[in-house]
Amino acid sequence: MKKRSCVILASTGTVGQRLVYMLSQHPWFDIVDIAASKRSAGLKYKERLKDSWHLDVDIPEEIAEMKIKLTEPNEVEKADIAFSALPSKEAKQLELDFAKAGYFIQSKASAHRQDRDVPLIIPELNADHLELVKLQRDTKWSGAIVTDPNCTTVGLAMVLKPIYDEFGIKSVIANTWQAISGSGIPGVPGLLINDNVIPFIAGEEEKVESEVLKILGNLEKDSIINAGFPIASTCTRVPVTDGHFETLYINTKEKIEDIQKVEKILGDFKGIPEFLKYKENLTYAPKDPIIVRKEINRPQPRLDRLAGTVPGMAISVGRIRKGVDNSSINLCLISHNTIRGAAGASLLGAEMAIMKNYI
Ligand SMILES: NC(=O)c1ccc[n+]([C@@H]2O[C@H](COP(=O)([O-])OP(=O)(O)OC[C@H]3O[C@@H](n4cnc5c(N)ncnc54)[C@H](OP(=O)(O)O)[C@@H]3O)[C@@H](O)[C@H]2O)c1
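Residues numbered from 1 in each chain as written. Predicted model: local features only at pLDDT ≥ 70, side-chain atom pairs only at ≥ 80, totals over all residues. Heavy atoms only, no water.

Caption draft 1: Seen up close, the layout of surface pockets. Size it by volume and the largest pocket reaches roughly 1200 Å³. Contributing to the lining of the largest pocket are 46 residues, with A85, L86, P87, S88 and G184 lying nearest its centre. Looking at the lining of the largest pocket, the elements that each hand over two or more residues are α1 (14-24), α4 (88-100), α9 (204-215) and α13 (339-355). Looking at which element gives the most residues to the lining of the largest pocket, the answer is α1, with 4 residues. Built from parts of two domains, the lining of the largest pocket gets at least three residues from each of domain 1 (4-150 + 343-355) and domain 2 (152-336). Size it by volume and the second largest pocket reaches roughly 600 Å³. Put simply, the parts of the chain that give the lining of the second largest pocket at least two residues each are α1 and α8 (190-193). No other element matches the 4 residues that α1 contributes to the lining of the second largest pocket. Grouping the constituent residues of the lining of the second largest pocket by class yields 14 nonpolar, 11 polar and 4 charged. Residues lining the lining of the second largest pocket come from more than one domain, with at least three contributed by each of domain 1 (4-150 + 343-355) and domain 2 (152-336). (1 Å grid on protein atoms, 1.4 Å probe; cavity = no way out; pocket = protein on both sides within 12 Å on 5 of 7 lines; lining within 4 Å. Points joined across faces, edges and corners; volume = space filled by probe spheres on them. Helix = DSSP H or I, 4+ residues; strand = E, 2+ residues; numbered from the N terminus. Domains from an automatic or database assignment. Nonpolar A, V, L, I, M, F, W, Y, C, P; charged D, E, K, R; others polar.)

So, in structure tokens, the structure goes:
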């Protein structure tokens, strides 16, 4: 495998730090530059993060000494890929600038997720949507913008996909208990979140509802036709460090005679055929993207967020049971918000784009 050069935009944030660590360990990528805002530009990475590095491993030595650049295409090294963990407002223009300058952008920001020609990718569910990169290159630029979903969307979409394909879906009610690392650095002050539940996360419910429908949609000609069922969600913040907990109530089109069939469909799910063609070459793809727990008290953030063959990349599901009738399902899930929901999603997405020769 030829190594791909990469730069990390917003390398100092919660997601950026994970990207720095995970990319530095990954044999396919070479980090040639790191960038952030003008508050950080010019400082050595270890100097800038001496009080705010949040991972329980040290800053990789080769990155610790690197100087942080300003986030502009003419300030950072040329590279095959720009991994972007920019805030959405800043990503709006900056990601366009990088795509015009020829970078393949793998983005965690929401800014372009709903653009008509921008794929919103969970490789196991819609690797075929990457075709939209060709359209961008035919019409706009030599680079590309590919987006990863919101951290809360990932677990929800992953679990809905096999159910949608097997039974059809009439509607979904989703409630979430989201970890504090999801709000970035400095995030929610300790005094406000300890011993508490914050019942509102700005923009989160709208993102979750619209993103799931795009991801489960079909690529037709040069756009995505969204899946067509309603989702109602309530997103809350709780004092958990990492790992979003969600409960789903799913009304299906088909009757469900046997709830064990639902467990089996979820546990057996490996991904769409387009994903399976490449799966064995993808180092960030867990063997089982969905792990079904049978115990009555699982999944839990502390016990299950790092489950699976690639820690943090599998979704754990449990308490699968009937709802009020024979066409409804109740369940809960855990997904690691800064790995499967952020940096790990970007790595798996970039691996898939490399396998499909877009990078
Ligand atoms: N945290 C999660 O679990 C999670 C999951 C999925 C998606 N996301 C998304 O990922 C992105 C990053 O989230 P985060 O939690 O890592 O945020 P964060 O901890 O607040 O970090 C923000 C980052 O953006 C940089 N930045 C801010 N203004 C900038 C500017 N004008 N130009 C260039 N860089 C700028 C900051 O650099 P300085 O240090 O120089 O200020 C910092 O590196 C957001 O779009 C978020 O919605 C986060």
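There's more to say after this.
Caption draft 2: Spatial organisation of the sheet that holds strand β2 (residues 29-36). Taking strand neighbours across the sheet as the criterion, the 6 strands line up as β3-β2-β1-β4-β5-β6 in an open arrangement whose pairing is parallel. In this open sheet, the two strands that pair with only one neighbour each are β3 (69-70) and β6 (144-147). The sheet contact formed by strand β4 (residues 81-84) and strand β5 (residues 104-107) spans 4 bridges and is parallel. Across the sheet, residue A82 finds its bridge partner in β5, namely I105. Most of the contacts of α13 go to β5, to which it runs at about 145°, and overall it touches β1 (4-9), β2, β4 and β5. (Pairing = 2+ DSSP bridges. Contact = heavy atoms within 4.5 Å. Axes fitted to C-alpha atoms, helices over the stretch in contact; angles between N-to-C directions.)

Caption draft 3: Structural view of the environment of L213. With respect to the helices and strands, L213 occurs in helix α9. Judged by relative accessible area, L213 falls into the buried class, the value being 17%. Once the C-alpha coordinates of L213 and N196 are considered, the two residues, 17 residues apart in sequence, prove to be 31 Å apart. Once you skip the residues sitting within four places of it in the chain, L213 turns out to touch N226, A227, F229 and I231. (Buried < 20%, exposed > 50% of the residue type's maximum accessible area, 1.4 Å probe, protein only.)

Caption draft 4: Representation of the domain arrangement of the chain within the structure. In terms of domains, the chain is made up of domain 1 (4-150 + 343-355) and domain 2 (152-336). For domain 1 versus domain 2, the distance between C-alpha centres works out to 24 Å. For the pair domain 1 and domain 2, the two sides together bury roughly 3100 Å², of which 66% comes from carbon and sulfur. Its largest share of buried area at the contact with domain 2, domain 1 owes to E124, L125 and N150, together 25% of the area lost on that side. Our count for the domain 1 to domain 2 interface comes out at 3 salt bridges. (Buried area = accessible area lost by both parts, 1.4 Å probe. Salt bridge = Lys/Arg side-chain N within 4 Å of Asp/Glu carboxyl O.)

Caption draft 5: α4, seen in detail. For α4, which comprises 13 residues, the first-to-last C-alpha distance of 18 Å matches the rise-based estimate of 18 Å (1.5 Å per residue) to within 8%. Where α4 bends most, at L94, the angle is about 30°. Along α4, the residues that are buried comprise A91, L94, E95, F98 and A99. Close packing links the buried residues of α4 with β1, β4, β5 and β6. Once α4 ends, the next one or two residues include G102, with phi positive near 100°. (Expected span 1.5 Å × (residues − 1). Bend = angle between axes of the 7 residues up to and from the residue.)

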